[in-house]
Amino acid sequence: MNIEIKGLTKNYGNKTALDNVDLKIDKGMFGLLGPNGAGKTTLMRILTTLVQKTEGDINIQGIDISKKRKIRQMIGYLPQDFAVYPTLTVYEAMDYLALLSNIAPKSKRKKLILDLLEKVNLEDHLKTKVKALSGGMKRRLGIAQALINNPSLLIVDEPTAGLDPEERIRFRNLLRDFSEDRIVILSTHIVEDVEFTCEDLAILKEGQILYKGKSRDLIKQAEGYIWTANLDRKRLNDIRKNHHIISTVSEGDLIKTRFLSDGTPIEESKAVSPSIEDAYMKLVKGV
Ligand SMILES: Nc1ncnc2c1ncn2[C@@H]1O[C@H](COP(=O)(O)OP(=O)(O)OP(=O)(O)O)[C@@H](O)[C@H]1O
């Protein structure tokens, strides 16, 4: 399974949402990171054939994206704003969606649905109304519906937004399990989601690819740029003028400050090993 994207451009009127994007994606989990408005959702929607590209070539498993019917059979999609039939039960909603996917007879649907709901840990909620599910459970139901066609490509857009930490970890593990024998594209602006799940990633900003490759190589690029110092408030405000602050934590009267610097930080600062979040900030802030 692979995806090849060459020279992909998407214009909405005179707004360029994607600008000459080249990308190759292989089996496993692939992270697509970028700040708001970077073009992530546009790229996802083009891959699902819901949005037309302006220019460029896209092949999924050697099949051109213009072959919409074939492409759709290969794809499962969990959109950012996933919502289904709130008054149906979990089972009824899945049954209806399976019916729309032409899965028959009823006994075949039942087996498939029970199997999928077990995979996403919703087997104890068959009779729960969709509107009564927690945010995390709704996302898991979203994944179950996206898997109805047994897709070889699963696309999930901002799946962990609004989830509590426990649900977030659980959801990430679920995606990782699915990626063993398919491509899972995880689009997010939460760097942590990618840190623990995706070996390969791309970073988009204003429609252009800023980075593509292994997350460990991205981290290497930030070595020597990440510094910490314990500062009082005045000193912190001084630093803020010339450096990008990554995080601050109060420690007694001082503030432990983590910041980006291209080599000339203040005396009391100490270089530290970068995390993927640091490396992402360095790239996006252009330090
Ligand atoms: N239908 C549309 N018409 C006009 N402009 C659009 C449309 N959809 C997206 N855009 C613009 O294209 C750019 C990319 O948007 P997109 O939603 O793909 O970004 P994103 O990375 O998914 O952002 P977010 O993280 O906020 O969802 C933005 O500037 C957005 O305003």
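Note that the structure is a prediction, hence the values are computed from the model and not measured. Position numbers for residues count from 1 along each chain, tracking the sequence in the order it is written. Reporting in this predicted model follows two pLDDT cut-offs: at least 70 for local features of residues, and 80 or more for side-chain atom pairs to be given and counted; totals over whole chains, interfaces and linings ignore these cut-offs and use all residues. Think of the side-chain values as coming from all heavy atoms in the structure, minus any hydrogens and water.

1. What to know about the packing of aromatic side chains
How two aromatic rings sit relative to each other is set out by the distance from centre to centre and by the angle between their planes. Centres within 6.5 Å are what make two rings of Phe, Tyr or Trp a pair, Trp counting through its six-membered ring; a difference in plane orientation under 30 degrees is then read as stacked, over 60 as edge-to-face, and the rest as tilted. Applying the stated criterion across every chain yields a total of 1 aromatic pair. When the centroid spacing of 5.1 Å and the interplanar angle of 85° are considered together, the rings of tyrosine 85 and tyrosine 96 count as edge-to-face. A residue pair is termed long-range when its members are at least 10 positions apart, and tyrosine 85 in the loop between β6 (75-78) and α3 (90-100) and tyrosine 96 in helix α3 qualify at 11 residues. By definition, being over a ring means that NZ of Lys or CZ of Arg is both within 6 Å of the ring centre and within 35 degrees of the ring normal. Taking the ring centre of tyrosine 225 as reference, the NZ or CZ of lysine 282 above it sits at 4.4 Å. Put simply, DSSP marks the helices as runs of H or I at least four residues long and the strands as runs of E at least two long, and each gets a number from the N terminus on.

2. Details of the site of the ligand
We call a residue near a molecule or strand when any one of its heavy atoms sits within 4 Å of it. Lining the immediate surroundings of the ligand are 13 residues, of which Gly37, Gly39, Lys40, Thr41 and Thr42 lie closest. The contact in question runs from an oxygen atom of the ligand to an N or O atom on the side chain of asparagine 36, over 3.0 Å. Measuring from an oxygen atom of the ligand, one finds a backbone N or O atom of glycine 39 at 2.9 Å. Exposure was quantified through the Shrake-Rupley algorithm and a 1.4 Å probe, taking into account, for residues, occlusion by the shown protein chains and nothing else. When the ligand sits alone it has 630 Å² of accessible area, and the protein chains cover 62% of it. Contributions of two or more residues to the shell around the ligand are made by β2 (15-26) and α1 (40-47). Counting residues per element, the shell around the ligand draws most heavily on α1, at 3 residues. Any pair of N or O atoms that falls within 3.5 Å is considered a polar contact. Within protein, one atom must be able to donate a hydrogen and the other to accept it, and sequence-neighbouring residues count only if both atoms are side-chain atoms.

3. Quick look at the sheet that holds β6
The rule for pairing is simple: two strands pair if DSSP sees at least two bridges between them. The 6 strands are arranged β6-β7-β8-β3-β9-β10 in an open sheet whose pairing can be described as mixed. Two strands close off the open sheet at either side, each with one partner strand: β6 and β10 (208-214). Between one strand axis and the next, the sheet turns by 15° as a mean value, whatever way the strands run. Here strand β3 (residues 28-33) pairs with strand β8 (residues 183-188) via 6 bridges, running parallel. Here an axis means a line fitted to C-alpha atoms, over the contact stretch when the element is a helix, while the angle between two N-to-C directions is reported on a 0 to 180 degree scale.

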